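Fold and contact review
Spelled out, the chains give:
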Amino acid sequence: CAKSPSSIVELQQEVADLRRRYADLLSDHNRQEEQCDFLNALLAGRRELIHVSGADGRLLLLNQAALKFFKLEAVAWRGSTFAELESYLPEYLLPVLKAFAEGNQQVLMTGRSLTKEIEIETPEGTIRSLEVSKSPIRDKEGQIKAVVAIGCDVTPRKRNEALACHLSGSFVGELKERTQALNQSNARLREFFKCAPIGLVVSNLTGRIIEANQAFFRMVGTEAVENKCGQLIQELDGCVAFASLVDAVHREGFIKSRHLRLNRIGGAPVDVLVDAVAIKEAGQAVRLDWFFRNITERVKLETRILEASERERQAIGSELHDELGQMLHGIHFLSDELLERMRFLGREEVGEFERITGKMDAALKAVRSLAHGMQPVDSGPEGLMNSLQSLALDTAETYKIDCRFLAEAPMAAVDSRVATNLYRIAQEAVTNALKHSGCTQIEIRLRQAAHQSILEVADNGLGLRTGGGSRPGVGLKVMRSRALAIGAELSIEQRPNKGTVVCCTLINEQRARN
């Protein structure tokens, strides 16, 4: 039927609108095609498997890696669903395709990303691990228009994680074994520390106890271990010389076999040999380790031997003086009378008899000297000083060297046993100097210092020639034994090209307490 002009105009307008809408759609399509081509070009070099599907589940984009992985290079895939592509894929890839297809609806509904991991077995029999992550794509208004899926081959990562787990387990096992061995070693060391027969002490740098074992506390006469840590060692034993040992360790880094007499609480004094070492960390001393060896019985035995020796000397000296000396004196008296009678008679044998009488005189003097040597120290407060003075004079006269005795002040009274041992130490030191040092001068010094009596024998010789690695001679051992017997400390200082100083330090404990 014929239409009115107005109807024709409206129809023409509708046709024009349809053409514009078609042109817009075509432009949008072309733009989307360009965007897809741009994205494909952008993602072509990526190794991840990337695809984008619309809200209806149809594929909008597959990058080159995904096409190659799914073997779809020759397939018209755009606009297809995953279900429509199953017939083109090898069977072993179907789980991967299913993983890519699943979850789209969940992402569209929740608007949240999700991740899934799958494993596939390749035709070569190897296991590959893939991690598939899905995320929503929104427009300007925030509406979800598509879903992007990215698949990553995480096989190397999984392999490294497994290797790391294995190594970690192996390392943890080895660490546990070593820790257990270390704990056992520490336990054995703790048991040794606790049950060691010698006294063991760990102190700070001032000598304050950090830890000590039972043997040490038994030495000082106390069992209250837990209440004594934190005290100075000398506070436990009252030994005033211990502070000097601390100073020596700081100065030298260690001390070895230093004699000390500990005052046992509620008991007799204990003689010990002390070794100590400064423990360092990063070059700085952080603590002091002490070792105390109880030598009381050894000192008692050596003292008894020395006392027996002195008693034997005194007995022999008395016999020489009282018996042989008197006999020789009587013979000397008779020979003098006979010599005078022969002179009166003018006998020609007078000269020969005078020589016999002179020999008798010399023998009498020798016996007297031997008797005096057996009992060198007279009783009395100045007996030791007089005997040392005589030793110096006799040495100077006999060996023609400069030997002198120096005393700053009268020495505090000591018993005959102590005085005799000090004299014997000086005598042995002088003998060693004459025999080994080649000296021309010897000084015997006796002095007081605070609570100490100090005997020194110094020479200007070449020092004691002990030789490399040789042991101390009998004389040195005897001197040390005599010092131990009277509770003194003996030290020998070698001075290169300046001689030797033998020093015997006697602690006067009573004076120290006062």
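Here, the structure is the one placed above.
Residues numbered from 1 in each chain as written. Predicted model: local features only at pLDDT ≥ 70, side-chain atom pairs only at ≥ 80, totals over all residues. Heavy atoms only, no water.

The next subject is the overall build of the protein chain. A count of helices and strands for the protein chain gives 16 helices and 15 strands. Across the 514 residues in the protein chain, those meeting the buried criterion constitute 36%. The contacts of the protein chain with a sequence gap of at least 6 include a subset with a gap of at least 24, amounting to 51%. (Helix = DSSP H or I, 4+ residues; strand = E, 2+ residues; numbered from the N terminus. Buried < 20%, exposed > 50% of the residue type's maximum accessible area, 1.4 Å probe, protein only. Contact = heavy atoms within 4.5 Å.)

Moving on, we get to the pattern of salt bridges. This model, assessed by the stated rule, comprises 21 salt bridges. A salt bridge links Glu489 to Arg258, with the nearest nitrogen and oxygen atoms 3.5 Å apart. In this pair, Glu489 is assigned in strand β14 (residues 488-495) and Arg258 in strand β8 (residues 254-262), connecting sequence segments 231 residues apart. Given a relative accessible area of 24%, Glu489 falls into the partly exposed group. (Salt bridge = Lys/Arg side-chain N within 4 Å of Asp/Glu carboxyl O.)

Here we come to the sheet that holds strand β1 (residues 49-54). Taking strand neighbours across the sheet as the criterion, the 5 strands line up as β2-β1-β5-β4-β3 in an open arrangement whose pairing is antiparallel. The open sheet terminates on both sides in strands that have one partner only, identified here as β2 (59-62) and β3 (114-121). Pairwise comparison of adjacent strand axes, ignoring direction, gives a mean angle of 20 degrees for this sheet. Lying over the sheet, helix α6 (residues 155-195) contacts β3, β4 (127-138) and β5 (144-153), oriented at roughly 120 degrees with respect to β4. (Pairing = 2+ DSSP bridges. Axes fitted to C-alpha atoms, helices over the stretch in contact; angles between N-to-C directions.)

A few words on the side chain of Thr500. Mapped onto the secondary structure, Thr500 falls in strand β15 (residues 499-507). Accessibility expressed as a relative area gives 2% for Thr500, which makes it buried.

This brings us to the nonpolar core. Core analysis: the largest hydrophobic core is formed by 33 residues, its most contacted members being Leu388, Ile442, Ile444, Leu455 and Cys504. Mapped by element, the contributors of at least two residues to this core are α13 (383-399), β11 (402-407), α14 (416-437), β12 (441-449), β13 (452-459), α15 (474-485), β14 and β15. For this core, the leading source of residues is α14, giving 9 residues. Sequence-distant contacts of Leu388, that is, excluding residues within four places in its chain, are made with Phe405, Tyr423, Ala426, Ile444, Leu446 and Leu455. By size, the runner-up hydrophobic cluster in this structure holds 24 residues, among which are Ile209, Phe217, Ile233 and Phe292. (Core = buried A, V, L, I, M, F, W, Y, C linked by side-chain atoms within 4.5 Å.)

Think of a sheet as strands paired side by side through backbone hydrogen bonds, with each pair either parallel or antiparallel. In spatial order, the strands read β7-β6-β10-β9-β8; together these 5 strands make up an open sheet with antiparallel pairing. For this open sheet the edge positions go to β7 (209-212) and β8, each flanked by a neighbour on one side alone. Across the sheet, the mean angle from the axis of one strand to that of its neighbour is 25 degrees, orientation sign disregarded. Looking at chain direction, strand β6 (residues 199-203) and strand β10 (residues 284-294) are connected through 5 bridges and run antiparallel. When the sheet's bridge partners are listed, Gly199 is paired in β10 with Phe292. Sitting on the sheet, helix α10 (residues 242-252) is in contact with β8, β9 (270-281) and β10, with an inclination near 180 degrees to β8.

It is worth spelling out the packing of aromatic side chains at this point. Following the criterion strictly, the structure yields 4 aromatic pairs and no others. Each ring, one from Phe216 and one from Phe217, has its centre 5.6 Å from the other, and the planes form 70 degrees; the classification is edge-to-face. Judged by its relative accessible area of 0%, Phe216 is buried. With a centroid separation of 6.4 Å and an interplanar angle of 25 degrees, the aromatic rings of Trp290 and Phe292 are classed as stacked. For Trp290, a relative accessible area of 1% corresponds to the buried category. Assessed through its relative accessible area of 0%, Phe292 is described here as buried. What links up through ring pairs into an aromatic cluster is the set Phe216, Phe217, Trp290 and Phe292. (Phe/Tyr/Trp six-rings, centres within 6.5 Å; stacked < 30°, edge-to-face > 60°.)

Helix length check: α13, at 17 residues, gives a terminal C-alpha distance of 24 Å against a target of 24 Å (1.5 Å per residue), a fit within 8%. Residues Gly383, Leu384, Met385, Ser387, Leu388, Leu391, Ala392 and Thr395 constitute the buried set of α13. (Expected span 1.5 Å × (residues − 1).)

Positionally, Arg480 belongs in helix α15. A residue is classified by how much of its surface remains accessible, and Arg480, at 39% relative accessible area, is partly exposed. When the C-alpha positions of Arg480 and Cys504 are compared, they lie 9.1 Å apart, and in sequence the two are 24 residues distant. Once residues lying within four places of it in the same chain are set aside, the contact partners of Arg480 are Leu490 and Ile492.

Moving on, we come to α15. For the α-helix, the turn length of 3.6 residues means that residues three or four positions removed from each other point alike. When the terminal C-alpha atoms of α15 are compared, their 16 Å separation across 12 residues agrees well with the 16 Å that a helix rising 1.5 Å per residue should span. Of the residues making up α15, those classed as buried are Gly475, Leu476, Met479, Ser481, Arg482, Ala483, Leu484 and Ala485. Of the residues one or two after α15, Gly487 is the one with positive phi, at around 75 degrees.

With a phi angle near 55 degrees, Lys71 is a residue other than glycine that sits in the positive phi range. On the secondary structure map, Lys71 appears in the loop between α2 (64-70) and α3 (82-85). Lys71 sits in the partly exposed class, given a relative accessible area of 44%. A positive phi angle is found at Lys400, which is not glycine, with a value near 55 degrees.

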